[in-house]
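# A closer look at the structure
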Amino acid sequence: MSAVTAPTASTASTAPTGAARPRSRRGVGLGLLAWLIGLLFFLPIAWMALTSFHSEADAATNPPSFGASLTLDSYREFFGAGGGASPWPALINSAMASLVSTLLVLLLALPAAYALSIRPVRKWTDVLFFFLSTKMLPAVAGLLPIYLFAKNTGMLDNIWLLIILYTSMNLPIAVWMMQSFLAEVPVAVIEAAQIDGARLPTILARVVAPIALPGIAATALICFIFSWNELLFARVLTGVVAETAPVFLTGFITSQGLFLAKVCAASLVISLPVLAAGFAAQDKLVQGLSLGAVK
């Protein structure tokens, strides 16, 4: 019988190396593809930012002029330096409507998600489907009844009407998201708090909320973005007093034409709060959206 020869050191060391090369090449290829997709998404924003620093004559050239001189005239005109309307009331209205509605959504969605996940009610899947089905109705279908209601109650051009609308519009998706986040909270921790005498408000504030903080942050960011970007109801239900930033932005499209540089400057300024909030909460957003994905 022939003796089985043990693999030499050189053979043992080269085998993993040959298997690792395709994996490393695949990883480099996926990395380059991810960078390419990221650049494609970033290109319109970069183009908008560059156009905002051009004059109206240079911004309207076709093909675009990459080497045109840069100026801050569009930003000065946006902030009312040329005698136009000031954007600050609209920005303050958008901030108030978005922040207050997001806070109300979290206060209402947390107990509802707790009841549907940790202490599930009967037919809780039907309840979740009902919440989700409310988002299937086109927004324009409910525009006329809401307008008539606001008109008859004297709520037109009122920022609190937008707060109530944004809260009701974002509450279903918030309950749906937070239900999946709160389902990952260990029930033993809640039972231990109940044994210590903690009541439901204390459990929600001091036990459930800290554990599900990434999911709550992700939900809050999404609700804030939806409220800040909403245009249809704000355009129809507001006038001057409760005008929001997206409605103010539409005022740059006039019968005299489209002032491209000024529109790009206004769009960039109005987008900054959302971009800043997303950048500040990006770790919580990724952690919250991936919560429960890997066991």
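Residues numbered from 1 in each chain as written. Predicted model: local features only at pLDDT ≥ 70, side-chain atom pairs only at ≥ 80, totals over all residues. Heavy atoms only, no water.

Along the protein chain, the regular secondary structure elements total 14 helices and two strands. Classification of the 295 residues of the protein chain by burial places 32% in the buried group. If you take every contact in the protein chain between residues at least 6 apart in sequence, the share linking residues at least 24 apart comes to 76%. Total accessible area on the protein chain stands at roughly 17800 Å², and carbon and sulfur atoms take up 70% of it. (Helix = DSSP H or I, 4+ residues; strand = E, 2+ residues; numbered from the N terminus. Buried < 20%, exposed > 50% of the residue type's maximum accessible area, 1.4 Å probe, protein only. Contact = heavy atoms within 4.5 Å. Areas by Shrake-Rupley, 256 points an atom, 1.4 Å probe, with all protein chains shown as cover.)

Take the side chain of T238 next. Here T238 lies in the loop between α11 (232–237) and α12 (245–250). By relative accessible area, T238 is classed as buried at 11%. One polar contact links the side chain of T238 to the main-chain carbonyl oxygen of A234, over a distance of 2.2 Å. Residues within four places of T238 in sequence aside, it is in contact with D157, L162, F233, E243 and V247. (Polar contact = N/O pair within 3.5 Å; in protein donor to acceptor, adjacent residues only side chain to side chain.)

Turning next to a nonpolar patch on the surface. Together, L30, L33, L36, I37, L40 and F41 make up a nonpolar patch on the protein surface, roughly 640 Å² of accessible area in all. Residue placement: L30 occurs in helix α1 (residues 9–52). (Patch = residues over 30% accessible without salt bridge, like charges linked within 9 Å, V, L, I, M, F, W, Y side chains within 5 Å. Salt bridge = Lys/Arg side-chain N within 4 Å of Asp/Glu carboxyl O.)

Further remarks concern the pattern of salt bridges. The tally for this structure, following the rule as stated, stands at two salt bridges. Ionic pairing is found between R76 and D73, a salt bridge with its closest N-O pair at 2.8 Å. Taken together, the positions of R76 and D73, both in helix α3 (residues 73–78) and three residues apart, correspond to about one turn of that helix. According to the relative accessible area criterion, R76 is partly exposed, its value standing at 44%. D73 sits in the partly exposed class, given a relative accessible area of 38%. The closest approach of N and O atoms between E77 and K262, which form a salt bridge, is 3.1 Å. Remark: K262 occurs in helix α13 (residues 260–280) and E77 occurs in helix α3; sequence separation between them is 185 residues. Residue classification places E77 among the partly exposed residues on the basis of a relative accessible area of 37%.

Axis separation between helix α10 (residues 213–229) and α13 bottoms out at 10 Å; the angle between their running directions is 175°. As far as their axial angle goes, α13 and α10 are roughly antiparallel. Here α10 contributes L221, F224, I225, W228 and N229 to the contact with α13, which in turn contributes I270, P273, V274, A277 and G278. Residue classes in the contact of α10 with α13 are distributed as eight nonpolar, two polar and no charged. (Axes fitted to C-alpha atoms, helices over the stretch in contact; angles between N-to-C directions. Parallel < 35°, antiparallel > 145°, perpendicular 65-115°, else oblique. Nonpolar A, V, L, I, M, F, W, Y, C, P; charged D, E, K, R; others polar.)

Our next topic: helix α9 (residues 200–211). The end-to-end C-alpha separation of α9 is 15 Å, in line with the 16 Å expected for twelve residues at 1.5 Å each. Considered for burial, the residues of α9 that qualify are I203, L204, V207, V208 and A209. Packing partners of the buried residues in α9 comprise α4 (88–117), α7 (159–182), α8 (187–195) and α10. (Expected span 1.5 Å × (residues − 1).)

All right, on to the packing of aromatic side chains then. In this structure the tally under the stated criterion is five aromatic pairs. Centre to centre, the rings of F78 and F79 are 4.9 Å apart; their planes meet at 75°, and the pair counts as edge-to-face. Arranged with centres 5.9 Å apart and planes meeting at 70°, the rings of F78 and F248 form a pair that is edge-to-face. Here F78 is found in helix α3, whereas its partner F248 is found in helix α12, with 170 residues between them in sequence. On the basis of relative accessible area, F248 is assigned to the buried category, the value being 10%. A connected cluster of aromatic rings, assembled from ring pairs, spans F78, F79, W88 and F248. When the ring centre of F259 is taken as reference, the NZ or CZ atom of K262 above it lies at 5.2 Å. (Phe/Tyr/Trp six-rings, centres within 6.5 Å; stacked < 30°, edge-to-face > 60°. Lys NZ or Arg CZ within 6 Å of the ring centre and 35° of its normal.)

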